[in-house]
Amino acid sequence: MIKTKQDTSKTERQLQNTQSRIAYFDGLRVLSMIGVIFMHVAAGPLRQGMGVTWHFLNVFVCFFFIAVPIFFMISGTVLLNSQNTYSVKYTLKNRMPKLVIPLLIWSVIAVLPAYLNPEALQNGFNIIGYLKSLAVIPSQNIVVHLWFMYFLIPLYLISPFLKILVDHMSDNAIRYLLLIWFLIMAMNTAVAFVPEHYRQYSEIDFLSKLNFLDGYLGYFILGFYLNRTKRIFSNKILILVGTIDLLVIIIGTFVRSKMLGEFSQAFQSTTMLYIAVLSIVIFLLFKQNYKVRKANWIISYVASLSFGVYLMHNILISTFSHFNITSYFINDTIPGVIGNSLLIVTVFIVCMIVITTLATIKPLCYIFTGVKYDVACKTCNWIFLLRKLKLIKN
């Protein structure tokens, strides 16, 4: 039987849908989403001095710094496994808008809390200052949590080239490329702890020049490679390595912060080996152990909202901060720990509700979430939820 062009296109779409819904990716997306919320809620209290709350938050923040690396690893796997990535036209027409448009929309909204709090409004809304803030969007992230988009978009732009590259590389060649990346990470790790006047002797110039996109290109290719490899790693060894690595990050952060008299994120940097190793461990543990359960549609629903939640969550946290709501949770007591935990849960739930609602309003769905309306109706909006709960018919 001869396949028609329509049948071939349908087959490719089905293949792409299968690739983008790799089961363990849903679990990793949910973990990463919770992680970025936790990190940004904890950012304030961690800079208020050490105490009960500080130690509680530090343990989890040290772990959750894997969130963005894993997000890049997932993106790399999905894009580099897709046949559509070969097409420059498809990349520019279908993929870039779903990144650029939501970035612009959320950037416009993200600046507003700074101009709408009571103190800023004493002399009226500063329209000139607001427009000046928006004018720098092409050159830099205007709010801290959107920085990752300025690394993700370039990776999407060069993804057709990367697809051709990895498809014509042997596993040994990819391992060699990743080895170079690991050497760069090792150099970054060593240099970070060398006194300033000795750094000229510890940096290797030709490795520094290979540090493309601050190492996120490495995570992009690493995810593709780890997903493809058929090798099974011992869970016990992975857990042991991950635990030791995490303890180094936690204790190192405590000791360095104590020495400097202020919170230090040197051990939490995604451009150093500590977080890279922990990200690999978590990625592999999910790949080898994540099981699809009966209610897996709930996890898939939450995972489908992850990009929108990434874009929105810190805007909500900033809004709470500008109106002094978060000040009630910054105290060195057990209630402070509980308060921060409640704030994290609140931000998570509110973001989920808002993104689900935006995905239900057809004109707003794509520009806020990067998801097309018909896809949202099958994955992540109120229509999808009501159908799953059998409150409305399919």
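Up top you'll find the structure we're talking about.
Another aspect to go through is the overall build of the protein. Within the protein one finds 21 helices and zero strands. Burial statistics for the protein: of 394 residues in total, 47% are counted as buried. Within the protein, contacts between residues separated by at least 24 positions form 78% of all contacts whose residues are at least 6 apart in sequence. Just so you have it, the protein exposes about 20300 Å², and 66% of that area is on carbon and sulfur atoms.

Time to look at the nonpolar core. In summary, soluble globular proteins display a tendency toward joint burial of nonpolar side chains. Counting 107 residues, the largest nonpolar core has Phe72, Phe148, Tyr219 and Val347 as its most contacted members. Broken down by element, the residue count for this core peaks at twelve residues, all from helix α2 (residues 23-42). Beyond its immediate chain neighbours, meaning those up to four positions away, Phe72 contacts Phe148, Phe151, Leu152, Leu155, Tyr216, Tyr219 and Phe220. Listed in part, the five residues of the second largest apolar core include Tyr115, Tyr130, Leu134 and Ile137.

Bringing the environment of Lys258 into the picture now. Take Lys258: it is sitting in helix α14 (residues 235-260). Judged by relative accessible area, Lys258 falls into the exposed class, the value being 57%.

In this section: the layout of surface pockets. Considered as a void within the structure, the second largest pocket measures approximately 440 Å³ in volume. Forming the boundary of the second largest pocket are 23 residues, of which Met39, His40, Phe65, Trp147 and Gln265 lie nearest the centre. With four residues, the top contributor of residues to the lining of the second largest pocket is α2. Residues belonging to the lining of the second largest pocket are distributed by class as follows: 15 nonpolar, seven polar and one charged.

Moving on to the packing of aromatic side chains. Counting across every chain of the model gives 27 aromatic pairs. Between Phe25 and Phe283, the aromatic rings sit 6.1 Å apart at their centres with planes inclined by 55°, giving tilted as the arrangement. Taken as a pair, Phe25 in helix α2 and Phe283 in helix α15 (residues 273-289) lie far apart in primary sequence, 258 residues in all. As far as the burial class goes, Phe25 and Phe283 line up, both buried. Geometrically, the ring pair formed by Phe125 and Tyr130 is tilted, given 5.7 Å between the ring centres and 55° between the ring planes. Take Phe125: its relative accessible area is 36%, and that puts it in the partly exposed class. Members of the aromatic cluster, connected to one another through ring pairs, are Phe71, Phe72, Trp147, Phe148, Phe151, Trp181, Phe182, Tyr216, Tyr219 and Tyr310.

So, on to a nonpolar patch on the surface. Together, Val345, Ile349, Ile353, Trp382, Leu386, Leu389, Leu391 and Ile392 line one region of the surface with nonpolar side chains, adding up to about 700 Å² of accessible area. Among the elements of the structure, α18 (334-358) and α21 (382-388) are those that each provide at least two residues to the nonpolar patch. The element contributing the most residues to the nonpolar patch is α18, with three residues. You can see Trp382 is positioned in helix α21.

Looking at where Arg95 falls in the secondary structure, it is placed in helix α5 (residues 88-110). Separated by 2.7 Å, the side chains of Arg95 and Thr85 make a polar contact.

What follows is about the packing of α2 against helix α4 (residues 67-81). Axis separation between α2 and α4 bottoms out at 8 Å; the angle between their running directions is 150°. Considering how the two elements wind past one another, α2 and α4 form a crossing that is left-handed. Each of Phe25, Leu28, Arg29, Ser32, Gly35, Val36 and Met39 in α2 lies in contact with α4, whose residues at this interface are Ala67, Val68, Ile70, Phe71, Ile74, Thr77 and Val78.

Attention now moves to α5. Between the first and last C-alpha of α5 there are 31 Å, a value that for 23 residues agrees with the 33 Å anticipated at 1.5 Å per step. For α5, the principal kink sits at Met96 and spans about 45°; a proline, Pro97, occurs within the next four residues. Taken together, the buried positions of α5 are Thr91, Arg95, Met96, Pro97, Leu99, Pro102, Leu103, Trp106, Ser107 and Ala110. The opening residue of α5, the one whose side-chain oxygen lies 3.4 Å from the backbone nitrogen of Lys89, is Ser87.

Looking now at the pattern of salt bridges. Under the criterion given, the structure shown has four salt bridges. Between Arg228 and Asp171 there is a salt bridge whose closest N-O contact spans 2.4 Å. Remark: Asp171 occurs in helix α10 (residues 171-191) and Arg228 occurs in helix α13 (residues 216-228); sequence separation between them is 57 residues. Among the residues examined, Arg228 registers a relative accessible area of 30% and is labelled partly exposed. Residue classification places Asp171 among the partly exposed residues on the basis of a relative accessible area of 35%. For Lys209, the salt bridge is made with Asp205, and the minimal N-O distance between the two is 2.5 Å. Residue Lys209 is classed as exposed on the basis of its relative accessible area of 57%.

About the criteria used
Residues numbered from 1 in each chain as written. Predicted model: local features only at pLDDT ≥ 70, side-chain atom pairs only at ≥ 80, totals over all residues. Heavy atoms only, no water. Helix = DSSP H or I, 4+ residues; strand = E, 2+ residues; numbered from the N terminus. Buried < 20%, exposed > 50% of the residue type's maximum accessible area, 1.4 Å probe, protein only. Contact = heavy atoms within 4.5 Å. Areas by Shrake-Rupley, 256 points an atom, 1.4 Å probe, with all protein chains shown as cover. Core = buried A, V, L, I, M, F, W, Y, C linked by side-chain atoms within 4.5 Å. 1 Å grid on protein atoms, 1.4 Å probe; cavity = no way out; pocket = protein on both sides within 12 Å on 5 of 7 lines; lining within 4 Å. Points joined across faces, edges and corners; volume = space filled by probe spheres on them. Nonpolar A, V, L, I, M, F, W, Y, C, P; charged D, E, K, R; others polar. Phe/Tyr/Trp six-rings, centres within 6.5 Å; stacked < 30°, edge-to-face > 60°. Patch = residues over 30% accessible without salt bridge, like charges linked within 9 Å, V, L, I, M, F, W, Y side chains within 5 Å. Salt bridge = Lys/Arg side-chain N within 4 Å of Asp/Glu carboxyl O. Polar contact = N/O pair within 3.5 Å; in protein donor to acceptor, adjacent residues only side chain to side chain. Axes fitted to C-alpha atoms, helices over the stretch in contact; angles between N-to-C directions. Left-handed = near helix turned anticlockwise from the far one by under 90°. Expected span 1.5 Å × (residues − 1). Bend = angle between axes of the 7 residues up to and from the residue.

Structural measurements only, silent on function.
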